[in-house]
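Summary of structural features
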Amino acid sequence: MTIVYVRWGGLLIAAMILAFLASQNYRQSLASLSPKEVLEALPQGEVRVLGRVKGRSLSGEVDEGHAQFSLAGNEDELAVTYNGPPPENLRELKQLVVIGIWNPEEQKFLAREFALVTNYGFVLSAYLIGLLPLAIFLFVMERKVALLYAEIKQSKLYESDVG
Amino acid sequence: MIRKAIRRIQRYKGWFGGAAALCLIVGLYLGLLGSPPDYYQGEVVRIMYVHVPLAHTALFAYTVLFGGSAWYLWKRDPLVDNMCHAAAGLCALFTTLALFTGMIWGKPTWNTWWTWDARLTSFMVLLFILVGYLMLRTFIDEPEKEARYAAVIAIVGFVDLPIIHFSVEWWRTLHQPQSISMRGVSISSGMLVPLIAMSIGMSFLFSYMLMVRTQRLYLTNLLNAKKGRLLSQFHLSKAES
């Protein structure tokens, strides 16, 4: 029985390390700021900003990859100038992530790329629902097999009852 | 012959478990950290690395059940019947999990949890067949009759497998067509490697679970049979005295 618990303990530790690495990775590479946080912090390097494209604010040659619009958060909004490949996800009232740098001289956010809003909840729940029942089911089965072996051994039922 | 093969494979049970753990850890690492996000779906595409292997394994499990049932009807080997019983329970588990993870993937991509699409419906029919199979095994008391009827249900239910496989080609469906087929591979290598690692890992995991569950059913039957024999001996000796 001890070997079952030791094996499962090892697997649990491996799963926890993997979960920690994944959460750290997403926190570092996919974390996004709100328009209000950008205006307050005035970040130097490239950042990801999450907001909604304000209605009637989109202008420029969107199909050519040049656009200007306001990105609204809950409290503040950010003037954005986009120059990059023709965007497929850019439209008014669309919630998206804008990747680029803040230009303090022009008081504008210079975007080079768009990304979709990350739905961590769906990914996390799919992995938990997909893998957790399998692990629990297997653990219960292995434990039961070990218990059955112990029961058979203790009751000496494995000995032949012929003769 | 198949009895010998089952016993021989059982000896390597630990290797199957180890291979499953290794492939799944590598697959999860690559799927969650190493693979790129999809252009249209973004990060949600990572659900593919758990949903698709679960669905593949469910179909693999049913194929094992079908093969075992056909063999049982031919040779009437109780060990193979035990394996079929174990495979059916596991197949039901994998099918249910594939359906649930598919629903979670469907919400952000199709904006609905469920739709009566040909692929989804035929997969749900598979679950109903398995539930019917397991109910039949629970409600019939006579072991030989139970095994025979269950084998017939499993063989008839196999009709659903080609329907599931070809549903995305035969009908216009919301479900995307196969990414890996005879025509080629339509996903990037960055996504293909974790998908293959997870699929192989799930297949090893199913094989390992099948061995453990078959062993469990065998030991339970053995214990019950021995207990029953001891009990009848006790009654006989009491009646004689």
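Heads up: the structure comes first, above all this text.
What this report covers is the structure whose coordinates are included nearby. Values in this document were obtained by computation on a predicted structure and should not be read as measured data.

If you check the backbone angles, R56(A) has positive phi at about 60° while not being a glycine. Backbone geometry at R76(B) places phi at a positive 55°, although glycine is not the residue there. Following the sequence through the fold, R76(B) ends up in the loop between helix 3 (48-75) and helix 4 (78-110). R76(B) gets classed as partly exposed once you look at its relative accessible area, which sits at 37%.

As a further point, take the pattern of salt bridges. All names here are of chain A. Summed over the entire model, instances satisfying the criterion amount to 11 salt bridges over all chains. A salt bridge links R7 to E142; its shortest N-O distance comes to 3.0 Å. Of this pair, R7 sits in helix 1 (residues 2-29) while E142 sits in helix 3 (residues 120-155), placing them 135 residues apart in sequence. Residue R7 is classed as partly exposed on the basis of its relative accessible area of 39%. Residue K36 is joined to E75 by a salt bridge in which the shortest nitrogen-to-oxygen separation is 2.8 Å. Here K36, found in helix 2 (residues 35-41), pairs with E75, found in the loop between strand 2 (66-72) and strand 3 (77-83); they are 39 residues apart in sequence, far enough to count as distant.

What follows is about helix 2 (residues 13-34) of chain B. All names here are of chain B. Along its 22 residues, helix 2 runs 30 Å from first to last C-alpha, staying within 8% of the 32 Å computed at 1.5 Å per residue. Inspection of helix 2 places K13, G17, A20, C23, L24, G27, L28, G31 and L32 among the buried residues, and these make up the whole buried set. Along the long axis of helix 2, the arc covered by the buried residues comes to 140°, so they all point the same way. For helix 2, exposure combined with an orientation more than 90 degrees from the buried face picks out G14, W15, L22 and G34.

Residues and elements named next belong to chain A. Where strand 3 and strand 5 (residues 108-115) come together, 3 bridges link them in parallel fashion. Bridge pairing in strand 5 links Y82 to A111. Pairing analysis gives 7 bridges linking strand 4 (residues 95-103) to strand 5, with the strands arranged antiparallel. Pairing of I101 across the sheet is with L110, part of strand 5. Counting the residues between successive antiparallel strands, the hairpin from strand 4 to strand 5 contains 4 residues, one of them, Q107, with a positive phi of roughly 55°.

Okay, the nonpolar core next. Counting residues in hydrophobic clusters, the biggest one holds 79 residues, and the most contacted among them are L134(A), L65(B) and M209(B). Per-element tally for this core: the top contributor is helix 4 of chain B, with 17 residues. With residues near it in sequence (within four places) discarded, L134(A) still touches L54(B), L93(B), F94(B), L97(B), M202(B), L205(B) and M209(B). Of all hydrophobic cores here, the second largest spans 18 residues; its members include V47(A), L78(A), L90(A) and A111(A).

Along the chain, the position of D81(B) falls in helix 4. Once residues within four sequence positions are removed from consideration, D81(B) is found in contact with Y72(B), R137(B) and A147(B).

Here we take up the packing of aromatic side chains. Considering all chains together, one arrives at 14 aromatic pairs over all chains under this definition. Centroid distance F69(A) to F114(A): 6.1 Å. Interplanar angle 40°. Geometry classified as tilted. Taken together, the residues span a long stretch of sequence, with F69(A) in strand 2 and F114(A) in strand 5 at a distance of 45 residues. In this pair, the class of F69(A) matches that of F114(A), namely buried. Taking 5.9 Å as the distance between ring centres and 80° as the angle between the ring planes, the aromatic pair formed by W170(B) and W171(B) counts as edge-to-face. For W171(B), a relative accessible area of 45% corresponds to the partly exposed category. Grouped by ring-pair contacts, the aromatic residues Y5(A), W8(A) and F139(A) constitute a single cluster. Of note, K75(B) hangs over the ring of W74(B), and the distance from its end group to the ring centre comes to 4.5 Å.

Rules of the game
Residues numbered from 1 in each chain as written. Chains lettered and ligands numbered in written order. Predicted model: local features only at pLDDT ≥ 70, side-chain atom pairs only at ≥ 80, totals over all residues. Heavy atoms only, no water. Helix = DSSP H or I, 4+ residues; strand = E, 2+ residues; numbered from the N terminus. Buried < 20%, exposed > 50% of the residue type's maximum accessible area, 1.4 Å probe, protein only. Salt bridge = Lys/Arg side-chain N within 4 Å of Asp/Glu carboxyl O. Expected span 1.5 Å × (residues − 1). Arc of directions from axis to C-beta. Pairing = 2+ DSSP bridges. Core = buried A, V, L, I, M, F, W, Y, C linked by side-chain atoms within 4.5 Å. Contact = heavy atoms within 4.5 Å. Phe/Tyr/Trp six-rings, centres within 6.5 Å; stacked < 30°, edge-to-face > 60°. Lys NZ or Arg CZ within 6 Å of the ring centre and 35° of its normal.

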